[in-house]
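Take a look at the letters that make up each chain.
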Amino acid sequence: QRINNTSTLEIALRNLINSMGIIDKKMNFEIMDDKKSLSKIPDIKHSLIYLKENNPSILVKQHQLLNAEYSKKLAKGEKLPRIRLTASYNTNFNGINLIDKAWPENGQLSTGISINLPIYSGKIISSRIKQTHFNILKEEIEYTELIQNFSVRLENYIDRLNNYNEILIIYNTILESAEED
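Every chain's residues receive numbers from 1 upward, in the order its sequence appears when written. At least 70 in pLDDT is required for a residue's local features to be given in this predicted model, at least 80 for side-chain atom pairs to be given and counted, and no such filter applies to totals for whole chains, interfaces and linings, which use all residues. Note that the side-chain values use all heavy atoms of the structure and ignore hydrogens as well as water.

**Here we look at the pairing of strand 2 (residues 108–116)**
Link 1 in the chain: Buried, partly exposed and exposed residues are distinguished by accessible area as a fraction of the type maximum, computed with a 1.4 Å probe on protein chains only: under 20%, between the cut-offs, and over 50%, respectively. Labels follow the DSSP assignment, with helices taken as runs of H or I lasting at least four residues and strands as runs of E lasting at least two, numbered in each case from the N terminus. Of all nine residues in strand 2, zero are buried, a share of ten percent or less.
Link 2 in the chain: Between any two strands, pairing holds if DSSP finds at least two bridges. One ladder, built from nine bridges, connects strand 1 (residues 82–90) with strand 2; its direction is antiparallel. Its bridge partner being in strand 2, alanine 87 is matched across the sheet by threonine 111.

**Observations regarding the pattern of salt bridges**
Link 1 in the chain: Definition used for salt bridges: Asp or Glu carboxyl oxygen within 4 Å of a side-chain nitrogen of Lys or Arg. Across all of its chains, the model carries five salt bridges by this definition.
Link 2 in the chain: In this structure, the salt-bridge partner of lysine 138 is glutamate 142, at a minimum N-O distance of 3.8 Å. Taken together, the residues lysine 138 and glutamate 142, both in helix 5 (residues 124–180) and four residues apart, mark about one turn of the helix.
Link 3 in the chain: Looking at glutamate 142, the relative accessible area reads 27%, which means it is partly exposed.
Link 4 in the chain: Salt bridges here are not isolated pairs; linked through shared partners, they connect Lys61, Lys138, Glu139 and Glu142.

**Considering the nonpolar core**
Soluble globular proteins tend to pack their nonpolar side chains together in the buried interior.
Link 1 in the chain: In this structure, Leu16, Leu51, Ile58, Leu154, Ile158 and Leu161 are the most contacted members of the largest nonpolar core, which totals 16 residues.
Link 2 in the chain: Among the elements of the structure, helix 1 (2–20), helix 2 (44–54) and helix 5 are those that each provide at least two residues to this core.
Link 3 in the chain: It is helix 5 that provides the largest number of residues to this core, a total of eight residues. Only buried Ala, Val, Leu, Ile, Met, Phe, Trp, Tyr and Cys residues count toward a nonpolar core, and they belong to the same one when joined by side-chain atoms within 4.5 Å.

**Looking at the side chain of lysine 61**
Link 1 in the chain: Here lysine 61 is to be found in helix 3 (residues 56–77).
Link 2 in the chain: The contact definition used throughout considers only heavy atoms, calling two residues in contact when any of these lie within 4.5 Å. What lysine 61 contacts, discounting residues up to four positions off in sequence, is Glu139, Glu142, Tyr143 and Leu146.

**Thoughts on the side chain of lysine 72**
Link 1 in the chain: Position of lysine 72 among the secondary structure elements: in helix 3.
Link 2 in the chain: Apart from the residues within four sequence positions on either side, lysine 72 is in contact with Thr132, His133 and Ile136.

**What to know about helix 2**
Link 1 in the chain: Among the residues of helix 2, Ser47, Leu48 and Leu51 are the ones counted as buried. For helix 2, the arc enclosing every buried residue in end-on projection is 100 degrees, short of the 170-degree limit, so these residues lie on one face. Along helix 2, exposed side chains directed more than 90 degrees from the buried face belong to Lys45, His46 and Glu53. Working definition: the arc comes from the directions between the helix axis and the C-beta atoms, pointing outward to the latter.

**What about the environment of isoleucine 136?**
Link 1 in the chain: Summarising the element assignment, isoleucine 136 is placed in helix 5.
Link 2 in the chain: With relative accessibility at 9%, the residue isoleucine 136 sits in the buried group.
Link 3 in the chain: Residues isoleucine 136 and leucine 65, spaced 71 residues apart in sequence, show a C-alpha to C-alpha distance of 6.3 Å.
Link 4 in the chain: Discounting residues that sit within four places of it in the chain, isoleucine 136 has contacts with Leu65, Ala68, Glu69 and Lys72.

Dropping the structure here:
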């Protein structure tokens, strides 16, 4: 029975570590059989903050949401005017030291400017903006669902650990009273 409880507790801890997104093997929870209660079990608030910062699935979803927001900004930017400036200098001479002397006589400077004003582009740009807006909403919903799923699982794991902690305290008091008798 005790071996079963210990293995179940180890499985619960591994699931907690996995759901928190801890990949580094150096950071590990250990429970020693020293007849004491478990070390401090993390609360849901701090665990969820740590989960949001370190879980790979959540980090991927955060970047997908950010990418959708940038896509919307790019789609809105297609309605704005575009300005392009160019400048070039050409010359034919031998020797680097002659550049100051060659500039006015042998050089050719050319510059250019172009301005693109989108007057009417049809409904293509506005439909792209609407599509990117829907993509943002979709990513936000998926992110919220992911956070909710992880928080429910995390809360279940923490409740399990707290239950084990309470059971261990009861077992310890029974063991101490049995040793006194």
